[in-house]
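Now for the letters of each chain:
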Amino acid sequence: MFFKAAHRGGNEFWMYLITIALFALGYIVGQIPMLGAIYYKISTVPEVTQDTLMQFQENPDFTLFGIDSNVGFILLIMMFVFATLGLWIGIKFLHKKKFLDIITPHEEINWNKIFWGFGVWMILGMFFEGVSYAMSPENYSFQFDLMKFIPLVLIGFLLLPIQTSCEEFMFRGYLMQMFGLISKNKWVPILMTSILFASIHMMNPEVTEYGIGIMFSYYMAAGLVLAIMTVMDDSIELALGVHAATNIYGALFLSYDGAAIQTATIFKSENMDPTFMLIIFIVMSIVFLLLAYRKYNWTSFSKLFESTQIENEIV
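Rules behind the numbers
- Residues numbered from 1 in each chain as written.
- Predicted model: local features only at pLDDT ≥ 70, side-chain atom pairs only at ≥ 80, totals over all residues.
- Heavy atoms only, no water.
- 1 Å grid on protein atoms, 1.4 Å probe; cavity = no way out; pocket = protein on both sides within 12 Å on 5 of 7 lines; lining within 4 Å.
- Points joined across faces, edges and corners; volume = space filled by probe spheres on them.
- Helix = DSSP H or I, 4+ residues; strand = E, 2+ residues; numbered from the N terminus.
- Nonpolar A, V, L, I, M, F, W, Y, C, P; charged D, E, K, R; others polar.
- Axes fitted to C-alpha atoms, helices over the stretch in contact; angles between N-to-C directions.
- Parallel < 35°, antiparallel > 145°, perpendicular 65-115°, else oblique.
- Left-handed = near helix turned anticlockwise from the far one by under 90°.
- Contact = heavy atoms within 4.5 Å.
- Pairing = 2+ DSSP bridges.
- Buried < 20%, exposed > 50% of the residue type's maximum accessible area, 1.4 Å probe, protein only.

(A) Main features of the layout of surface pockets. Space inside the second largest pocket adds up to approximately 270 Å³. Residue lining of the second largest pocket: 14 residues in total, with W111, I114, F115, P161 and A244 positioned closest to the centre. Of all the elements in the fold, those that place two or more residues in the lining of the second largest pocket are α5 (111–135), α7 (160–183) and α11 (237–252). Considering only residue class, the lining of the second largest pocket consists of twelve nonpolar, two polar and no charged.

Structure follows, in structure tokens:
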């Protein structure tokens, strides 16, 4: 049903090209407040130089510029607000579709699925983090700052889902349906959106810190898991919850050097092992998919290789 929803409205290829361009333009425009704040600091604070900017590119910590980490977090989110707006404009005015069509084929969003995905993924993350802590407690340092953490919680839960939802709307929603229309099957959209998802994240500072190979593998695995749950569940609702849980966990509870999101988390990992992180992610994903399979009575995983073509059906 999710791929049937793609047939609604107009689907000429030029519409997709312009909408993707609007999304990219919104992403660029949304960086103006952040870049303005950074260059203001460079021009007015003697201690802040171009070298500071180079350090920021490797480790995006806004405190390098004397900008509060929570304020920097908000500035970072703005690019995703404008990118989502660009996507919405393309879908509404070019494709003549409802934005809901890239989320679910149904008449309304199933919020219970989003919250279930969020809660289960968060619990799994905390469990495996506990296992990691038991194995190497010396790898964790406690850095809790109540005065910074309280506003961070509000920012994390109110604004960070904008960033994660933006990526899901584009990759697991819009592009997934686009590739489904082009290829007329489901495995190509799964593969293509996962490759693109991993590729776009190659701009993250983790790549410089830990290497292209391992980080591409991690983001590729993440893209595949999110795509699989989207196809199996016929909506991006579970993916919305899981992605939000992943990034909120990283923004509130555990950070590490080189992470794309640098905030005043409760703990910091002193020696993040990306290979171990990938292994844990794969195990968590298998457990989650099996739980969702049982919870939502999914059909066989052979569904991932079905056709997206429809015949004589009104969508």
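Picking up after the structure, the text goes on.
(B) Structural view of the packing of helix α1 (residues 13–29) against α7. Between α1 and α7, the least distance of the axes is 12 Å, while the angle of their chain directions is 165 degrees. When the axes of α1 and α7 are compared, the pair comes out roughly antiparallel. Between α1 and α7 lies a crossing whose hand is left-handed. Seen from α1, the contacting residues are F13, M15, Y16, T19, I20 and F23; seen from α7, they are C166, M170, Y174, L175, M178, L181 and I182.

(C) Seen up close, the sheet that holds strand β1 (residues 140–142). On the basis of which strands lie adjacent, the open sheet formed by three strands has the order β1-β3-β2 and mixed pairing. Either end of the sheet is taken by a strand with one partner, and the two such strands are β1 and β2 (254–256). Taken over all neighbouring pairs, the strand axes of this sheet differ in orientation by 30 degrees on average, direction set aside.

(D) Region of the structure containing the environment of A292. Its place among the elements puts A292 in helix α12 (residues 274–295). A relative accessible area of 0% means that A292 is categorised as buried. Between the alpha carbons of A292 and G117 there is a distance of 8.4 Å; along the sequence they are 175 residues apart. Discounting residues that sit within four places of it in the chain, A292 has contacts with W116, L238, N297 and W298.

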